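Structure at a glance
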Amino acid sequence: MGSVLLMMAMAVGAQSVREHIRLDEGWKFALGHAADPKKDFGCGTEYFNYLTKANSIHNEGPYSTKFNDSAWQPVRVPHDWVTTLPYASEASHSHGYKTVGYKYPETSVGWYRKIVSIPAEDMGKRILLRFDGIFRNAQVWFNGFYMGTEPSGYATQVYDVTEYVNYGGDRASEGLAPGENLICVRADATLEEGWFYEGAGIYRDAWLVKTAAVSVAPFGTFVYADLHQPYATAMLHVETEVCNSSLAAQTCQVTHRLLDAEGREVARSQAETLTLKPKETQGCKQQLAVSSPHLWSNADPYLYKVETTVSVGGRATDIYETTTGFREVQFDADRGFLLNGEPLKLKGVNIHQDHAGVGAAMPEALMAWRIQRLKEIGCNAYRSSHNPMTPALLDICDREGMLVIDENRLAGINTEHQRLLENMIKRDRNHPSVILWSDGNEEWGMENTVQGTRIAAAMREYTRLLDPTRHSTIANAGGGEMIKGLDVVGYNYIAQNDVENRRRQHPDWKIVGTEETTGCGTRGVYFNNAEFPGRMPSINRGTEPGVENVIERGWQFYADNDWAAGVFFWTGFDYRGEPNPLSYPATDSEFGILDYCGFWKDEAWYLKSWWTAEPTLHVFPHWNLAGHEGEEIELWAYSNCDEVELTVNGKKLGRQPMPRNGHLKWKAIYQPGKVVATGFKNGKRILTQTIETTGAASKVVLKADRQTIAADGRDVAVITVEVQDSKGRVVPDACPLLTFRLEGGARIIGAGNGDPSYLGADHPADPDCREFQIPAFNGLAQVIVQSGSQPSELMLSALSDGLKTGSVAVVAK
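Not measured: the values here are computed from a predicted model.

So, the overall build of the protein
A count of helical and extended segments in the protein gives 8 helices and 47 strands. Computed over the C-alpha atoms, the radius of gyration of the protein is 28 Å, within 12% of the 28 Å expected from 2.2 N^0.38 for a compact globule of 813 residues. Each of the three principal axes of the protein carries a C-alpha extent, and together these read 90 × 60 × 50 Å. For the protein, buried positions account for 63% of its 813 residues. Within the protein, contacts between residues separated by at least 24 positions form 70% of all contacts whose residues are at least 6 apart in sequence. Within the structure as shown, the protein displays about 29,900 Å² of accessible surface, and the carbon and sulfur contribution to it stands at 50%. Placing the 79 positive and 101 negative side-chain charges of the protein at their respective mean positions leaves the two points 2 Å apart.

Below you can see the structure in the form of structure tokens.
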């Protein structure tokens, strides 16, 4: 029941004409206007506008080849223009109080223009334009011709521009040289598609794709396997769509080779012959018998490639690669989730798609860094709440063994809904990491109605038509009707869904916890402080009456019930928007296990304790509690040791047994000094953690996640900034202003500190920024440095008044 597709076919060998060209450089950008067409560069005001005529010679707006964009700002894609907008208390709470949306028409429309050169030798090829995500309501023009509109900000868009191309040697359009071609995009973020920060613009990758006239269609393979214990053999099925974009009938042969991770051929199909009319797309189904398949799993994410060759007249016209993995996925009413026949508890998190400093325009290397941070705490599963994720991230999950619930944005059964559901499933169904489709989330108007049950059941069947190898779900906020129409029942919060009673009433239901609260608050904050209303302590420590360690309550429930597949905590990282239960000046949700920069909160140590076998001991709060001298403080320990002993300022407070999936606590009177926690396993001391009242901040220390990055203009180094005292201890309440200066062929693309109420800039307005300022928050900050396109030795320095300057070197090569 497993399979997976590479989300992009790449050029392979000299005989293939397939090319994937990134369109990340050379864009020009300007804000338009959502309410006044005259301020929106006259868009649509022409006598013959872009809808009345395919390409009117009278058009003069940004989609016209003769438009002058010399005053526009140069930008790189991915690009999120909301990152540089200010905050305002009257702006959208759900979107983090950024000045975008219907109240701000002057900052809610963005225009992009780019010139691409296509030489004369490409005549006869099929030329496609692909965007992996534009937020939102994106209109696209090519050489002044209107290509179409995609309302959703999460759907991949593909446009065939073959007939519109100015090839080298063609008579060029006015304003263009021979071979030059204009891409123009208008994005309108006035309408919110979700209830969380979404950014705006071409925030995912953009591509120019060149193929032969007879070639595999976009996302045109479906690879899956018949796989059963003991997994000695597998039958690999490959369904292929082949397109003939020429003006003549064509006969072609389709063959497949299966290559292992070392590139060795392990199976080959027989050829299938297709006869295609001009402009026709046809499909074929073929099989490959495979002996002793190397299984894909979260612990061993082994990947194969299916190499699909399309030949015309004995000559290969296209070679298309599909990445795949052999694995069997099952959801069972009694045994929970099984991977390759073995029960595996899903230890998951929900994630939105933004990060400090870059917003929604995350570089691929930063996505990979975030997945690694989650794996460090033992996380093995990722729910893409509440929209389809970018294809690049699914590739990372395939490589890293991260299991995925891939989520559709909006539930429904008519043309618009089916189109978006099909867009997601056909694009993503070959990724071995995807274990479950989510057809929607918390559709409150459906959850308690018989219509909701019918819609859910209809979506379930539409999903099966597109992918019969996987189950689907819809995450449920508490209603009791809609869930009757699901393959797998997704419960958002056990307290809202009465899960145990429903289990007794419906023992045949397959169950997964699609959301469960973490109870987290602001990193390093343990007391409410009226001076900082945008920060809050964790509710896990009993700040609300009758509520203690809710993260423990959720994990214990799913860990103790074998019939439950597992749980996805809300959320893995803090994200911009939804700062509930707070409001402005809080702009970020604070329920992340990691903060907006990916720095650990205390609760990350709870999960690491029980999600991994690695000996773990963490005691908190920190011991820089100025202003609380003489007060009784509750100290907690998260650990997987058998017992933990605590000593505070030389006084032993006792040795306690650690409850399974639990925590420990002691009380002490706060005075500056030292706390020592000792962990025991089988009666032997195995771990010691010491926290001390630090000295004053003395120096800034920088640490790069990698010492070497690729000089490809896209790779990034994630720099952690620590404010330390003279003894090298992080000062957990230090918040000095930091100035960062970068030397070498690179740029600062963002910075952050994890403070959910920080209202200053975290993204440079200058796309080639070399100097930036941001304060540390509770001893930490982060800088994201992106390489240039040439090898270079990079040096980032951090300066702060009264502190020793810190620096870190990174090589781009």
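Considering the packing of aromatic side chains
Inspection of every chain in the model, using the stated rule, returns 34 aromatic pairs. For the pair Phe 67 and Trp 72, a centre-to-centre distance of 5.5 Å together with 65° between the ring planes defines the contact as edge-to-face. Here Trp 72 falls in the buried class, since its relative accessible area comes to 8%. Feature note: the residues Phe 41, Tyr 50, Tyr 63, Phe 67, Trp 72, Trp 111, Trp 141 and Tyr 146 constitute an aromatic cluster, connected by ring pairs. A cation over a ring is seen here: Lys 98 above Tyr 87, with NZ or CZ 4.5 Å from the ring centre. The ring of Phe 532 carries Arg 535 above its face, with NZ or CZ at 4.2 Å from the centroid.

Observations concerning the packing of helix α3 (residues 415–428) against helix α4 (residues 450–466)
Put simply, α3 and α4 touch, their axes get as near as 10 Å, and they point 40° apart. Relative to α4, α3 is oriented oblique. Two packed elements cross with a definite hand, and for α3 against α4 that hand is right-handed. Residue-level contacts link Gln 418, Leu 421, Glu 422, Ile 425 and Lys 426 of α3 to Met 459, Tyr 462, Thr 463 and Leu 466 of α4.

With respect to the pattern of salt bridges
Side chains that differ in sign of charge can pair as their charged atoms come close. Within this structure, the stated rule accounts for 56 salt bridges. When the shortest N-O distance is used, the salt bridge between Arg 18 and Asp 318 registers 2.8 Å. Separated by 300 residues along the polypeptide, Arg 18 in the segment before β1 (19–22) and Asp 318 in strand β18 (residues 315–324) bring together distant segments of the chain. The burial state of Arg 18 is the same as that of Asp 318; both residues are buried. Close ionic contact of Lys 601 with Asp 574 constitutes a salt bridge, the shortest N to O distance being 2.8 Å.

Overview of α3
Between the first and last C-alpha of α3 there are 20 Å, a value that for 14 residues agrees with the 20 Å anticipated at 1.5 Å per step. Buried residues of α3: Leu 420, Leu 421, Met 424, Ile 425, Lys 426, Arg 427 and Asp 428, and no others.

Digging into the side chain of Thr 473
Considering the arrangement of structural elements, one finds Thr 473 in strand β26 (residues 472–476). At a separation of 2.6 Å, a polar atom in the side chain of Thr 473 contacts the main-chain carbonyl oxygen of Val 488. At 3.2 Å, the side chain of Thr 473 forms a polar contact with the backbone nitrogen of Gly 490.

Examining the pairing of β18
Of all 10 residues in β18, 9 are buried; the element is thus mostly enclosed. Sheet analysis places strand β17 (residues 304–312) next to β18, joined by 9 bridges and oriented antiparallel. Considered in β18, the bridge of Val 312 is made with Arg 315. Between β17 and the antiparallel strand that follows it, β18, lie 2 residues; Gly 313 among them carries a positive phi value of about 60°.

A few points about helix α8 (residues 602–611)
Each full turn of the α-helix corresponds to 3.6 residues, which orients residues three or four apart in the same direction. The element α8 is extensively covered by neighbouring structure, given that 9 of its 10 residues are classed as buried. Here α8 has its buried residues at Asp 602, Glu 603, Ala 604, Tyr 606, Leu 607, Lys 608, Ser 609, Trp 610 and Trp 611. For α8, the elements touching its buried residues are β22 (346–350), α1 (364–376), α7 (550–560), β29 (564–570), β32 (617–620) and β33 (632–639).

Topic: the environment of Ile 57
Here Ile 57 shows up in the loop between β2 (27–31) and β3 (73–75). You can call Ile 57 exposed: its relative accessible area is 68%. Sequence separation between Ile 57 and Glu 174 is 117 residues, and the spatial gap between their C-alpha atoms is 9.6 Å.

Details of the nonpolar core
Leu 374 and Val 644 are the most contacted members of the largest nonpolar core, which has 84 residues in total. In this structure Val 644 touches Leu 617, Ala 637, Ser 639, Gly 654, Arg 655, Gln 656, Met 658, Leu 664, Trp 666, Ala 677 and Thr 678, once residues within four positions along its chain are discounted. Counting 46 residues, the second-largest nonpolar core is a separate cluster that includes Leu 129, Val 140, Met 147 and Tyr 159.

A closer look at the packing of α7 against α8
At a closest axis distance of 11 Å, the pairing of α7 and α8 adopts a crossing angle of 25°. Considered as vectors, α7 and α8 are oriented roughly parallel to each other. Read as a crossing pair, α7 and α8 show a hand that is right-handed. Here Ile 551, Glu 552 and Trp 555 of α7 come into contact with α8, specifically with Glu 603, Tyr 606, Leu 607, Trp 610 and Trp 611. For the contact of α7 with α8, the residue count by class is 6 nonpolar, no polar and 2 charged.

A closer look at unusual backbone geometry
Trans is the prevailing form of peptide bonds, just as negative phi is the prevailing case for residues other than glycine. In the segment running from Val 77 into Pro 78, the intervening peptide bond is cis, with an omega of 5°. Of the consecutive residues Trp 570 and Thr 571, the connecting peptide bond is found in the cis state with omega at 0°. Of note, Thr 571 is situated in the loop between β29 and β30 (575–576). Phi angles above zero are rare outside glycine, and Asn 340 is one such case at about 55°. By secondary structure assignment, the location of Asn 340 is in the loop between β20 (336–339) and β21 (342–343).

Parameters at a glance
Residues numbered from 1 in each chain as written. Predicted model: local features only at pLDDT ≥ 70, side-chain atom pairs only at ≥ 80, totals over all residues. Heavy atoms only, no water. Helix = DSSP H or I, 4+ residues; strand = E, 2+ residues; numbered from the N terminus. Rg over C-alpha atoms; globule rule 2.2 N^0.38 Å. Buried < 20%, exposed > 50% of the residue type's maximum accessible area, 1.4 Å probe, protein only. Contact = heavy atoms within 4.5 Å. Areas by Shrake-Rupley, 256 points an atom, 1.4 Å probe, with all protein chains shown as cover. Lys, Arg positive; Asp, Glu negative; His and termini not counted. Charge placed at Lys NZ, Arg CZ, Asp CG, Glu CD. Phe/Tyr/Trp six-rings, centres within 6.5 Å; stacked < 30°, edge-to-face > 60°. Lys NZ or Arg CZ within 6 Å of the ring centre and 35° of its normal. Axes fitted to C-alpha atoms, helices over the stretch in contact; angles between N-to-C directions. Parallel < 35°, antiparallel > 145°, perpendicular 65-115°, else oblique. Left-handed = near helix turned anticlockwise from the far one by under 90°. Salt bridge = Lys/Arg side-chain N within 4 Å of Asp/Glu carboxyl O. Expected span 1.5 Å × (residues − 1). Polar contact = N/O pair within 3.5 Å; in protein donor to acceptor, adjacent residues only side chain to side chain. Pairing = 2+ DSSP bridges. Core = buried A, V, L, I, M, F, W, Y, C linked by side-chain atoms within 4.5 Å. Nonpolar A, V, L, I, M, F, W, Y, C, P; charged D, E, K, R; others polar.

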